[in-house]
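# Overview (structure and organization)
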Amino acid sequence: MALTYKTRRRVALLVLVIGIPAYIIVAVKVISLFDRPSILVELGIYVGLGILWTFPLKSVFRGIGQPDPDAPSARFEDDT
């Protein structure tokens, strides 16, 4: 099922405002359950987790910064 542009914008906003902070909290909590690894390993884990969330949500964020393709084009007629 294809999402409309307006729905994708709303879902993207919901993901950015609620989903990403929740994902960060869960990632930090899971990492804290283990013994602290070296700083480079820990950095690699966080970078990997930071990239990992983008793959399932790529279709939601694709084209969000562009104008609505379904909206009628704004035409202004200038008589001068």
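This is a predicted model, so every value here is computed, not measured.

The full count for this structure, using the stated rule, is one aromatic pair. Centre to centre, the rings of Trp53 and Phe61 are 6.1 Å apart; their planes meet at 80°, and the pair counts as edge-to-face. Classification of Trp53 as partly exposed rests on a relative accessible area of 23%. For Phe61, a relative accessible area of 25% puts it in the partly exposed group.

You can see Arg8 is positioned in helix 1 (residues 5–32). Buried charge Arg8 goes without a salt bridge, the closest partner of opposite sign being Asp68 at 7.0 Å. Filtering out sequence-adjacent residues up to four positions away, Arg8 remains in contact with Leu3, Ser59, Val60, Arg62, Gly63 and Ile64.

As a further point, take the packing of helix 2 (residues 39–52) against helix 3 (residues 54–61). For the pair helix 2 and helix 3, interaxial distance at closest approach is 7 Å and the crossing angle is 35°. Two secondary-structure elements touch here, helix 2 through Gly50, Ile51 and Leu52 and helix 3 through Thr54, Phe55 and Pro56. For the contact of helix 2 with helix 3, the residue count by class is four nonpolar, two polar and no charged.

When you line up the elements, Glu42 lands in helix 2. When its relative accessible area of 11% is taken as the criterion, Glu42 is described as buried.

Conventions we followed
Residues numbered from 1 in each chain as written. Predicted model: local features only at pLDDT ≥ 70, side-chain atom pairs only at ≥ 80, totals over all residues. Heavy atoms only, no water. Phe/Tyr/Trp six-rings, centres within 6.5 Å; stacked < 30°, edge-to-face > 60°. Buried < 20%, exposed > 50% of the residue type's maximum accessible area, 1.4 Å probe, protein only. Helix = DSSP H or I, 4+ residues; strand = E, 2+ residues; numbered from the N terminus. Lys, Arg positive; Asp, Glu negative; His and termini not counted. Salt bridge = Lys/Arg side-chain N within 4 Å of Asp/Glu carboxyl O. Contact = heavy atoms within 4.5 Å. Axes fitted to C-alpha atoms, helices over the stretch in contact; angles between N-to-C directions. Nonpolar A, V, L, I, M, F, W, Y, C, P; charged D, E, K, R; others polar.

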